Structure formats: C-alpha cells, structure tokens
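Commentary on secondary and tertiary structure
Residue-level listing of the chains:
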Amino acid sequence: MRIAVLAETDTAEPRVAATPETIKKFISLGAEVAVQSGAGAGAGVSDEDYAAAGATLAPNAAAALAGADILLRVRRPAAAELAGAKQNLAVICILDPFGNEAALADLARAGAIAFAMEFMPRITRAQSMDVLSSQANLAGYRAVIDAAAEYGRSFPMMMTAAGTVPAAKVFIMGVGVAGLQAIATARRLGAIVTATDVRPATKEQVESLGAKFLAVENEEFQQAQTAGGYAKEMSKEYQAAQAELTASHIAKQDVVITTALIPGRPAPRLISAAMVRSMRPGSVIIDLAAERGGNCELTRPGETAVENGVKIVGALNLPGRMAPTASSLYARNLLAFVETLVSKETKQLAINWDDELVKATALTRDGVVIDERFKKA
Ligand code: NAD
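Residues numbered from 1 in each chain as written. Predicted model: local features only at pLDDT ≥ 70, side-chain atom pairs only at ≥ 80, totals over all residues.

Here we take up the environment of V193. Considering the arrangement of structural elements, one finds V193 in strand β10 (residues 192-196). Expressed as a C-alpha distance, the spacing of V193 and K311, which sit 118 residues apart in the sequence, is 19 Å. (Helix = DSSP H or I, 4+ residues; strand = E, 2+ residues; numbered from the N terminus.)

Spelled out as structure tokens, the structure:
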C-alpha cells in the first residue's frame, strides 16, 4: 500500500496532512509513504524531517501520486491534480462539498473515492478522527488570543498602585467546540465571560466553565438540537427574540467572539450593524463564522472592517495560524481513520462499505457522486 502526501495548492493553507510522527505509524502499518517536496514548509516540517521518518520525497505531485492507493490532503485537490493516479485512489481531506458539487463530480469522474473528513460522525469510536473538533478547538483558542491582541486594553482586572483597571467583558456566541475553548481561554486570561447558544445542553457546559449563560429559553430552544448534536436553523420569531435579548448585552461588551454554524447552511446572522454601532469604540468582534458568510452583518471575510471604532475581524483559517499544532492534530485524525481502512491481514487498502464511518464520509465511488445531497452537478 502506498500513501501520497501532497502539498496544498491553496496558498492560504499552511497546514499539512501528515507529520513525521504519523508517517512512522503508516510505515509500521506496512505502507510506503511519498511526500511532495515542500509539503510541510508552512507547518515547520522540512523535507529532511519527512525523510528521517522514512518517507520518500517526490519532486512534484504527479511523482508522489504515482502508484498511490491513498492521498492525504488538508483541502480538496482539483481533479486535474490526480492525472495519472490509480483508479479508486482514496482521497482523504476536508472536501468542503457544499456549493462545490461540480468539483466533487470532477473528482468522481477522475476515479477517486473521495472522503469528507468533516462528515465523520460525532460518535465515541470516531472521536480520534474528528477534524472539526481538533481544528475548532484551536480556532476558539486563537480567536481569544487574536482578540486580546486587537483589543487595546487588558483582559484581567489589574489593581495597581496607579489605580484599578477593569476586567474585559467577553461574550461568546455559539458554544460548540470552538466556543467552549474560547470561554476557557478568555477565563484564563481573566475576562468576565458570558455566552449564548440555541442548544439547551450548552447551558450547563457554559456554567461549568465559570461563565454566565444568556439565551431565549423557550419551547423552540428546548427542541433546537438535532439527533446529530448540531443546531437547527431557528425560526424568524426565535431570531427576533434572540436579537432583542442580545442587543442590550452586546452594547456592554468589550469583545464578542462568534462561532455559530448550522451544517450545510449559511452562518446565522446574530449581530446587526446597529448592534455593532452600539458598542464602545475600541471593542473587538472576532467572527469565526466568516468563512460561511459570518455571524455579523458587517463581517468581510478575510479582512478587518472598522465601524464606529469597533473592529470586526473576519479572519479565515484560524487553525492555519497555528499550523504546526493544527497539522499535528489533523494528521493524527487522518491516521486514525486510515487505520480503519486498512486490512490487518493483507496490510492493503480494504474499504468496508458497510462501516458507518465510511458510509458517512465517502462521497464518490465508481465514477459517480454517491451522496444524494451533492448529486446535482
Ligand atoms: P458547530 O460548529 O456546528 O456550531 C457552533 C455552535 O453554534 C453550536 O454549539 C451551535 O449550537 C451554535 N449555534 C447555531 N446556531 C446558533 C444561533 N442561531 N445562535 C447561537 N448559537 C448557534 O458546532 P460544533 O462545535 O461542531 O459542535 C456540534 C455538536 O457536536 C455539539 O453538540 C458538540 O457537543 C458535538 N460534538 C460531539 C463530539 C463527540 O461526541 N465526539 C465531538 C465534538 C462535538
């Protein structure tokens, strides 16, 4: 079995899909690993590090892919990059298929079996393969660090000889994996933290981290969590009540970090332009949902907008700002998944199409898109 690790073609992606640590493990599974030269540069891993772990360095993508059974990437490769690859190449990456149905169909036509790591079920068995969690946790941490850097005042209360400096007030909107880490990090830095979500289960989690919970806790709220653990898209009435409740709260906050997402839907709009204008100049909003349209009306993805002295940071790919750590966790997620795809006896790729992990993540097979949601292209 041969595994190829390609460099990312998106210049905004510094992470890499395998590390020397995971390469050693793949080799111990009986695999040969070819790494495209320079693949680890953005994540602080040199070609020499990969070679020392036992990988073969390939001068380009085609050479790395020659004879490969599995391709590991962070982001979806273009079908053109797979020219010359084996049929039934298992492409394992964050596929980002929503809105990218044509690119997925191209991968299918290129003969790839494309696995979307972000569709890994949130079940105990697959926890070690959960790329959303491993990366969102870092994004939540980094959002607070970035907010503290952008905010011109201090996070902790400081009692000094020259007088007392008040603690920053931080509000976290959306308390999934990123939001929980943001709460914990802001608390560690000494901020006064409040948080909101639409899923009732989050109330206890927020309080257990020492933050205060704020939400419209009506009947719709009680039903807002899907069987998969995600949030539903809330009704117009709920959104209006939520906006009314949070508007006066946001006006008193120094930092707001938004992380609210609904799978397959645009990010919910939680902060209006009027709410931004109600904040004190010098306040900071970090919108982790920027990639999906943003939770704030004024967010400009990839940029920092300034309105009435309030900075609205639409940062993209926060895990990428911590590329060595993010890559090391992502690479371990992939290793854990690949281990389930390889036969212990033959040490060859042996996909079990009845496995719920495969059913949830494999989007293409035998030249076609097999997931109903993405067949339209
Ligand atoms: P996510 O990134 O999809 O969304 C972030 C948060 O935004 C969620 O908590 C969601 O409820 C919230 N949200 C959505 N709409 C909102 C709105 N209008 N207002 C306020 N908040 C809103 O979430 P995630 O971090 O991927 O977590 C999703 C679920 O998966 C959670 O239930 C989490 O506990 C669960 N999870 C389970 C495991 C596991 O068991 N292996 C691992 C990680 C996460």
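Read on, since the account is not over.
Turning our eyes to something else, we now look at the site of the ligand. Around the ligand, the structure places 29 residues, and the nearest of them are G174, G176, G229, A231 and A260. Listed by contribution, the elements that provide at least two residues to the shell around the ligand are α5 (131-150) and α6 (177-188). Within the shell around the ligand, the residues separate by chemical class into 16 nonpolar, nine polar and four charged. (Near = placed C-beta within 6 Å. Nonpolar A, V, L, I, M, F, W, Y, C, P; charged D, E, K, R; others polar.)

The next thing to look at is the confidence of the model for the chain. Averaged over every residue, the pLDDT of the chain is 96; residues scoring 70 or more account for 100%. Scored by ipTM, the complex comes to 0.96, with pTM at 0.95. (pLDDT = per-residue confidence, 0-100.)

As a further point, take the pairing of strand β13 (residues 284-287). Residue alternation in β13 divides its side chains into two sets, V284 and I286 and I285 and D287, and both sets are buried. Alignment of strand β12 (residues 255-258) against β13, held across four bridges, turns out to be parallel. The partner of V256 across the bridge, within β13, is I285. In this view, the connection linking β12 to its parallel neighbour β13 by way of helix α10 (residues 273-278) has right-handed handedness. Two strands pair when backbone bridges link them, and β13 and strand β15 (residues 310-313) are joined in this way by three bridges, in the parallel orientation. Counterpart to I286 in the pairing with β15 is V313. (Buried ≥ 20, exposed ≤ 12 C-beta atoms within 10 Å, placed from the backbone. Pairing = 2+ DSSP bridges. Right-handed = clockwise from strand over helix to strand, strands pointing away.)

The parallel open sheet is built from six strands, whose spatial order is β3-β2-β1-β4-β5-β6. With one partner strand each, in any of the chains shown, β3 (56-58) and β6 (113-116) form the two edges of the open sheet. The average undirected angle you get between the axes of adjacent strands in this sheet is 25°. Across four bridges, strand β1 (residues 2-5) lies against strand β2 (residues 32-36) in parallel orientation. Across the sheet, the residue bridging to R2 is E32, located in β2. With respect to the sheet, helix α11 (residues 323-341) is in contact with β4 (70-75) and β5 (90-94), its orientation differing from that of β5 by roughly 145°. (Axes fitted to C-alpha atoms, helices over the stretch in contact; angles between N-to-C directions. Contact = placed C-beta atoms within 7 Å.)

Axis separation between α5 and α6 bottoms out at 7 Å; the angle between their running directions is 35°. The interaxial crossing formed by α5 with α6 has right-handed handedness. On α6, the residues that touch L132, S133, A136, N137, A139, G140, Y141, A143 and V144 of α5 are V177, A178, G179, L180, Q181, A182, T185 and A186. (Left-handed = near helix turned anticlockwise from the far one by under 90°.)

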